[in-house]
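Architecture and fold: a report
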Amino acid sequence: MAKTLFEKLWDAHVVAQEPDSPAVLYIDLHLVHEVTSPQAFEGLRKRGIKVRRPDKTFGTLDHGIPTHDRSLPILDEMAARQIAIMEQNCADQGIQLYGLKTGADKQGIVHVIGPELGLTQPGMTIVCGDSHTATHGAFGALGFGIGTSEVEMVLSTQCLLQRKPETCNVQVNGTLKKGVTAKDIILGIIAKYGVGGGTGMVYEYTGDAIRAMTMEERMTICNMSIEGGSRAGMIAPDETTYNFVAGREFAPKGAAWDKKLAWWKTLPSDDGATYDATYSLDADVLEPMITYGTNPGMGMHITDRVPDPAKIGDLSQRKALEKALAYMDLTPNQPLLGHKVDVVFIGSCTNSRMSDLRQAAEMLKGRKVSPNVRVMVVPGSAQIKKQAEREGLDTIFKEAGAEWREAGCSMCIAMNGDQLQQGQYAVSTSNRNFEGRQGKGGRTFLASPLTAAATAIAGVVADARSMVN
Amino acid sequence: MSNFTSLTSKIVPLNAENVDTDQIIPARFLKVTDKLGLGEQLFCDWRYNADGSPKPEFILNKPEMKGRQVLLAGDNFGCGSSREHAPWALAGYGFRAVISTSFADIFRNNSLKNGLLPIIVDKDTHAQLFSLAEEDPNTSVSVDLATQTLSLPDGRAVRFPIDSFSKTCLLNGVDEIGYVLGMREQIEAYEAR
Ligand code: SF4
């Protein structure tokens, strides 16, 4: 029978399936960070058991660590304690940690370093106590976020109890116009199908626009699957994928590579495979996207005007929009172009890779950021930071008046002191614009790195297409 | 794992769609290394002013809401981050069940593992519950997991879905990790493939 990419991966990982029970699914790669794991390690200690496969478990410090000078002590006592516990847990259990003291040269945001180190490979099941694990699906892997109880289960058994989700074919065809990016595609999909559109489903992104993309662009798309309600987003592997993985530290080598490659090539969905649903987005007509509200589905073309709740028939949707606009202090029908901004944040597991930084740097080169705006550039990993510095991007950012920081989640989640102040507006390349996500009372416009860089220069929300260098 | 059989409680109506886990428990409270005490910070930024005083208009701060165990929430409750701190905070506050038209997948899984029952009802029942709560703030419902029924004040009983495995685990307080640990042979056989 013709199978989808998802079905092939699912079938290949079922360890046991009892009637009326969820499948016991084998996990090939378990990524762990400091925030969602301490209670899970504690659970193992209470049971008196060790991590079953420390060789398939990798840790990083990303959410809570400062992104300023790393030689300074961490002032936040609770964050420092959480980090110390993570270091201890990894040491006790023989888990490789990319942190401050060990593996610091490869530390970074969990979803950035997995692919960078070659840990992320096609055909794998990958989990992490983090909803953006969907990112890894860009490689034709099944990656999804889990809760801490499930982290404990995977640490204990290398398996997870899972009910089989449905599948949705998300077709993206056409050619992006200049100045329109992968970020705009995923924001477009979420705006069209809503933040709950993918609940209970796994997205597979297909179509020629996806095929034409680099791995970094594919990661940006899969990363935000969860913002559309889908726990996992996948893209079938192809030559672009294999070329990216080949030669990386943990990628198979020699005969092992050949064997894996032969299997990976069987993974793409078969002709005639069926999905439970089909969604689509036309890349030809897409414009740069920006969000105006308090969930990632409240997005529009950057040249559009903020929608009017009075024109929405559904009562609860109208109320939701009214509430969002009140929080954002926006009025119906106003344009966002030209709206004041206090902070520009370029970073996060959505857009902190080399191509994102290069795009932003190209825009900022020889220009100055507006004196009214704080601009933070936070690379996704220590290796990206180093590479960017080799290319002189750090100099471009600094000369333009932007902050060039150490790798981490930073203002995406505002746990480490990098945060918006009450009432401030940010254009952010991250993935969530929930109330208070980037700091209590802060207001977030999600957009692409191009839009972020253009806004940094203009000091107000700006359309990058009008200022291309 | 905590179990769930049945309960009767007045409801707390929270009429907002797409309530994300950042609202349920803001990220700055995720620096804890245990599961306890998060109930205090549940819905923190909706519940408290900057100086820490309660916002009187927020539903949880109305004196009559104290001690209620059922939250009636809008569609797609629990979206966003995978933080299990969200059900820890809800359960820590004292909620045992949440009623909505749909739940985000990870939140739903996390809740089931913490004795917090996500109850999915159809749109009409959902709307009816909200209007009942508006007419009579002391509206109460009964939940019985064994028969998968939610009983409304008018005597109507609505059946809600739950997969049989989760139901058995909740009813009997089954330790799911213990269950999978018991499959060692199968796991080893898989690893040997
Ligand atoms: S960058 Fe943001 S979304 Fe990504 S893992 Fe970190 S906190 Fe989560």
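To keep things clear, this report deals only with the structure shown in the data block. Computed from a prediction, not measured in an experiment: that's the story for all the values here.

The rules we used
Residues numbered from 1 in each chain as written. Chains lettered and ligands numbered in written order. Predicted model: local features only at pLDDT ≥ 70, side-chain atom pairs only at ≥ 80, totals over all residues. Heavy atoms only, no water. Contact = heavy atoms within 4.5 Å. Buried area = accessible area lost by both parts, 1.4 Å probe. Salt bridge = Lys/Arg side-chain N within 4 Å of Asp/Glu carboxyl O. Polar contact = N/O pair within 3.5 Å; in protein donor to acceptor, adjacent residues only side chain to side chain. Helix = DSSP H or I, 4+ residues; strand = E, 2+ residues; numbered from the N terminus. Nonpolar A, V, L, I, M, F, W, Y, C, P; charged D, E, K, R; others polar. Pairing = 2+ DSSP bridges. Axes fitted to C-alpha atoms, helices over the stretch in contact; angles between N-to-C directions. Buried < 20%, exposed > 50% of the residue type's maximum accessible area, 1.4 Å probe, protein only. Parallel < 35°, antiparallel > 145°, perpendicular 65-115°, else oblique. Left-handed = near helix turned anticlockwise from the far one by under 90°.

**Examining the interface of chain A and chain B**
When the parts of a complex come together, some accessible area is lost, and that lost area is often taken as the interface size. Tallying the contact residues gives 63 residues for chain A and 56 residues for chain B. Carbon and sulfur atoms supply 54% of the area buried between chain A and chain B, which totals about 4,900 Å² over both sides. Area buried by chain A at its contact with chain B is led by Q39, R163 and K440 of chain A, which between them contribute 13% of it. Counting every contact that joins chain A to chain B gives eight salt bridges. The residue K31 of chain B makes a salt bridge to D76 of chain A at a minimum N-O spacing of 2.5 Å. Inspection of the region where chain A meets chain B yields 26 residue pairs in polar contact (both at pLDDT 80 or more). If you list the elements that add at least two residues to the side of chain A that touches chain B, you get α1 (5-13), β1 (14-16), β2 (23-26), α2 (38-47), α3 (77-93), α5 (148-157), β8 (159-162) and α11 (315-328) of chain A. Element by element, the count of residues in the side of chain A that touches chain B is highest for α5 of chain A, at seven residues. Residue composition of the side of chain A that touches chain B, grouped by class: 24 nonpolar, 20 polar and 19 charged.

**Some details on the sheet that holds strand β7 (residues 157-159) of chain B**
Residue and element names in this part refer to chain B. The strand order across the open sheet formed by seven strands is β4-β3-β2-β1-β5-β6-β7, and the pairing between neighbours is mixed. Two strands bound the open sheet, and with one partner strand each, they are β4 (117-120) and β7. Direction aside, the axes of adjacent strands within the sheet are offset by 30° on average.

**A look at unusual backbone geometry**
The backbone of D20 of chain A shows a phi angle near 60°, a positive value even though the residue is not glycine. Assignment of secondary structure puts D20 of chain A in the loop between β1 and β2. Positive phi, normally seen in glycine, also occurs at N76 of chain B, with a value near 60°. Its location among the elements puts N76 of chain B in the loop between β2 (70-73) and α3 (85-93). Accessibility expressed as a relative area gives 2% for N76 of chain B, which makes it buried.

**Digging into the sheet that holds strand β16 (residues 374-377) of chain A**
All names here are of chain A. The five strands are arranged β17-β16-β15-β18-β19 in an open sheet whose pairing can be described as parallel. Whereas interior strands pair on both sides, the edge strands pair on one side only; in this sheet they are β17 (403-404) and β19 (443-446). Where strand β18 (residues 425-428) and β19 come together, four bridges link them in parallel fashion. For A426, the partnering residue across the bridge sits in β19 and is T444. Strand contacts of helix α15 (residues 449-458): β15 (343-346), β16 and β18, with the helix running at about 150° to β15, the strand carrying the most contacts.

**Overview of the packing of α3 of chain B against helix α4 (residues 105-112) of chain B**
Residues and elements named next belong to chain B. Here α3 crosses α4 at 50°, and the two axes come no closer than 8 Å. Overall, the two elements α3 and α4 adopt an arrangement that is oblique. Seen from above, α3 lies across α4 with right-handed handedness. Taking contact as the criterion, the partners of A86, P87 and L90 in α3 are, on α4, F107, N110 and S111. Classifying every residue of the contact of α3 with α4 by side-chain character gives four nonpolar, two polar and no charged.

**A look at the pattern of salt bridges**
Under the counting rule described, the total for this entry stands at 36 salt bridges over all chains. Between E87 of chain A and K101 of chain A there is a salt bridge, with the nearest N and O atoms lying 3.0 Å from each other. On the criterion of sequence distance, the pair formed by E87 of chain A in helix α3 and K101 of chain A in the loop between β5 (96-98) and α4 (110-116) is long-range, its members being 14 residues apart. The partner of D418 of chain A in a salt bridge is R405 of chain A, with the nearest N and O atoms 3.3 Å apart. Of the two residues, D418 of chain A is situated in the loop between β17 and β18 and R405 of chain A in the loop between β17 and β18; the sequence distance between them amounts to 13 residues. Overall, D418 of chain A belongs to the buried group, its relative accessible area being 4%. You can call R405 of chain A buried: its relative accessible area is 11%. Taken together, the shared-partner salt bridges connect R52, R53 and D55 of chain A together with E191 of chain B into one network.

**Remarks on the packing of helix α12 (residues 354-364) of chain A against α15 of chain A**
All names here are of chain A. Orientation of α12 relative to α15, taken along the N-to-C sense of each, is 30°, at an axis distance of 9 Å. With respect to each other, α12 and α15 are oriented roughly parallel. Note that α12 runs across α15; the crossing there is right-handed. When α12 is examined against α15, the residues D356, Q359, A360, M363 and L364 are found in contact with a partner set consisting of P449, L450, A453, A454, A456 and I457. Looking at the contact of α12 with α15 residue by residue, the classes come out as nine nonpolar, one polar and one charged.

Read these as layout, nothing more, since geometry by itself doesn't imply function.
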